[in-house]
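Inside the fold
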Amino acid sequence: AATAFVLKHFVEVSLGASLSPEMMGVLLRSEDIEASEEAVFSALVRWLRAQPESAREEGAVAALLEHVRFAAMDQKFVRETVEQEPLMKNVPALTVLAQALREGLSKEGTARSL
């Protein structure tokens, strides 16, 4: 029941820095997040900014980004927000983004159920 509440209110709950990186990963992997991918990405960025520097290490950030469905996002949002985000300005993050967009072109990436 608690997990269902968190998934329903993912954006609001993710504002609390008390979520562990492990729990954030579990939530991001869920099919049941009730938010757009743009909102998921924005919430993840806000959460990352509130974390200690160790949680913002390139590999750790990329591991979380792997669960964001970039291909389901509006292209303008990807260009104007995702690509401009400082946390995306490293090779691991850009690799995740490129892979997700390639998969989206081949229809492998799907949106979460809303």
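Analysis parameters
Residues numbered from 1 in each chain as written. Predicted model: local features only at pLDDT ≥ 70, side-chain atom pairs only at ≥ 80, totals over all residues. Heavy atoms only, no water. Buried < 20%, exposed > 50% of the residue type's maximum accessible area, 1.4 Å probe, protein only. Helix = DSSP H or I, 4+ residues; strand = E, 2+ residues; numbered from the N terminus. Arc of directions from axis to C-beta. Contact = heavy atoms within 4.5 Å. Polar contact = N/O pair within 3.5 Å; in protein donor to acceptor, adjacent residues only side chain to side chain. Salt bridge = Lys/Arg side-chain N within 4 Å of Asp/Glu carboxyl O.

**Digging into helix H6 (residues 75–82)**
Those residues of H6 that sit buried are Phe77, Val78 and Val82. Taken down its axis, H6 places every buried residue within 100° of arc, on the same side. The inward-facing, buried residues of H6 contact helix H4 (37–49) and helix H7 (91–105). Capping the start of H6, Asp74 holds a side-chain oxygen 3.1 Å from the backbone nitrogen of Lys76, two or three residues further along.

**Observations concerning the pattern of salt bridges**
Taken as a whole, this structure holds three salt bridges when the rule is applied. Among the ionic pairs, Glu34 bridges to Lys8, the shortest N-O distance being 3.6 Å. With Glu34 in the loop between helix H3 (21–29) and H4 and Lys8 in helix H1 (residues 2–8), this pair connects stretches of sequence that are 26 residues apart. Residue classification places Lys8 among the partly exposed residues on the basis of a relative accessible area of 47%. Glu31 is the salt-bridge partner of Arg69, the closest N and O atoms lying 2.7 Å from each other. Of this pair, Arg69 sits in the loop between helix H5 (58–65) and H6 while Glu31 is found in the loop between H3 and H4, placing the two residues 38 residues apart along the sequence. Using a relative accessible area of 17% as the deciding quantity, one classes Arg69 as buried. Here Glu31 falls in the partly exposed class, since its relative accessible area comes to 42%.

This is a description of form; function is not addressed.
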